[in-house]
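Here is how the chains run, residue by residue.
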There are 2 protein chains.
Amino acid sequence: MENTYKLGKKMKNKDVFVEKLRSSGLRPTKQRIQISELLFDRKNTFHFSIDHLNNLLKKKTKIKVSLATIYNTVHAFKKKGYLKEILINREKSYFDTNTSDHHHFLNVKTNELIDLKNEDVEKIKIKKNLPGKKIKSIEVIVKVENSN
Amino acid sequence: MENTYKLGKKMKNKDVFVEKLRSSGLRPTKQRIQISELLFDRKNTFHFSIDHLNNLLKKKTKIKVSLATIYNTVHAFKKKGYLKEILINREKSYFDTNTSDHHHFLNVKTNELIDLKNEDVEKIKIKKNLPGKKIKSIEVIVKVENSN
DNA sequence: AATATAATTTATAATGATTCTAAAGTAGTG
DNA sequence: CACTACTTTAGAATCATTATAAATTATATT
Ligand SMILES: [Mn+2]
Ligand SMILES: [Mn+2]
Ligand SMILES: [Zn+2]
Ligand SMILES: [Zn+2]
């Protein structure tokens, strides 16, 4: 029953994103729709840098999107909670289309990130607490390298 | 019996760092000795940025040390294993004089880091492993904010 | 102690990801 | 269509970091 539209016709993907943008208070411009399709119209979530997204746009789409708009859009999506930023590297920002709480493997050679499923990490227990502070998130990064 | 020198006289701190530098293959220049004293001649380890270290040098010492030398020295010390780099922020690099394996609280408002003692975190168990890869380190960052 | 050599420091320029600016373009509203 | 606020864009500005290359210094050698 999800993804219905008007007279029960299935919505086109584009319309889903138009809806999502509008309901977020973001005008559904062709740039934002195009970026939404690249980021969210997939079976699996993934991790990307601005540079990576820029290349995707150049390869997979006809419209030209300026770098400034890519930055603007990614930050808008992050602010709305559709993306998370991940800190693995000082040189570049990385983003994650998986916005749930989860942990990561990080290949230190390639900077490739791989999601850890929650069942793959035993619950983290912090036995200390800081007075006047509350825990906002707990993030684990497991750095890995080739084992030969 | 640690920290002895020649005829059993106690080494001066400076001499300790001269020794440490020389045994690391780094010439004991006055800049490196000065930075060593600021970073390592303390009761407790701490976290710092290049900017922070630069301010310390200006306030606490007479000699002038160029920014380039601060960068060079911090990177040399990191390479020798006397410092660790911590990624909490894309804007700046942060370093840690505690080079043991340990986890952190991070105050997301102030970017202040606080070490978690090993006994404060229940052992992290990763139940999945990546074929052909071995775990190099596991780092936990517990983000905290004011709880009012 | 003077000399030679390589390492180090330094001022300054270059880099590069990100942010800013302000002008042109576009979506929504009536 | 006309109006307004939002968005996109090219290009400039920012700023932490790194590179460059000349001057200085540490150390080994005579
Ligand atoms: Mn950001
Ligand atoms: Mn570095
Ligand atoms: Zn992820
Ligand atoms: Zn620490």
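Residues numbered from 1 in each chain as written. Chains lettered and ligands numbered in written order. Predicted model: local features only at pLDDT ≥ 70, side-chain atom pairs only at ≥ 80, totals over all residues. Heavy atoms only, no water.

A.B. asks: I'd like to hear about the side chain of B:Ser49, residue by residue, with values.
C.D. replies: Mapped onto the secondary structure, B:Ser49 falls in strand β3 (residues 47–49). Sequence-distant contacts of B:Ser49, defined by excluding residues within four places in its chain, comprise B:Lys92, B:Ser93 and B:Tyr94. (Helix = DSSP H or I, 4+ residues; strand = E, 2+ residues; numbered from the N terminus. Contact = heavy atoms within 4.5 Å.)

A.B. asks: If you had to explain the pairing of strand β8 (residues 133–146) of chain A to someone new, which residues and values would you point to?
C.D. replies: Where strand β6 (residues 103–107) of chain A meets β8(A), four bridges bridge the pair, whose relative direction is parallel. In the sheet register, A:Phe105 faces β8(A), and the bridge partner there is A:Val142. By the bridge criterion, 13 bridges tie β8(A) to strand β8 (residues 133–146) of chain B in an arrangement that is antiparallel. Paired with A:Ser137 across the bridge in β8(B) is B:Lys143. (Pairing = 2+ DSSP bridges.)

A.B. asks: With reference to specific residues and values, describe the protein's contact with DNA strand D.
C.D. replies: Neighbouring DNA strand D are 20 residues; A:Thr29, A:Arg32, B:Arg22, B:Tyr71 and B:Ser93 lie closest to it. When atoms of DNA strand D within 4 Å of the protein are sorted by moiety, sugar and phosphate together comprise 79%. Between DNA strand D and A:Thr29, the relevant distance is 2.5 Å, taken from a phosphate oxygen to a side-chain nitrogen or oxygen of the residue. A distance of 2.7 Å separates a phosphate oxygen of DNA strand D from a polar atom in the side chain of A:Arg32. Elements with a minimum of two residues in the surface near DNA strand D: α2 (30–40) and α4 (67–80) of chain A together with α4 (67–80) of chain B. Per-element tally for the surface near DNA strand D: the top contributor is α4(A), with three residues. (Near = heavy atom within 4 Å. Polar contact = N/O pair within 3.5 Å; in protein donor to acceptor, adjacent residues only side chain to side chain.)

A.B. asks: Before we move on, could you go through the domain arrangement of chain A and cite the residues and values that matter?
C.D. replies: By a widely used convention, the size of an interface equals the accessible area lost when the partners come together. All names here are of chain A. Its domain assignment divides chain A into domain 1 (2–93) and domain 2 (100–144). Listed by partner, the interface residues are seven residues for domain 1 and 10 residues for domain 2. When domain 1 packs against domain 2, close to 660 Å² is buried across both sides, 56% of that on carbon and sulfur atoms. For the domain 1 face of the interface with domain 2, the top three residues by lost area are His-47, Lys-84 and Ile-88, together amounting to 70%. At the junction of domain 1 with domain 2, the criterion picks out zero salt bridges. In terms of residue class, the side of domain 1 that touches domain 2 is built from three nonpolar, three polar and one charged. (Domains from an automatic or database assignment. Buried area = accessible area lost by both parts, 1.4 Å probe. Salt bridge = Lys/Arg side-chain N within 4 Å of Asp/Glu carboxyl O. Nonpolar A, V, L, I, M, F, W, Y, C, P; charged D, E, K, R; others polar.)

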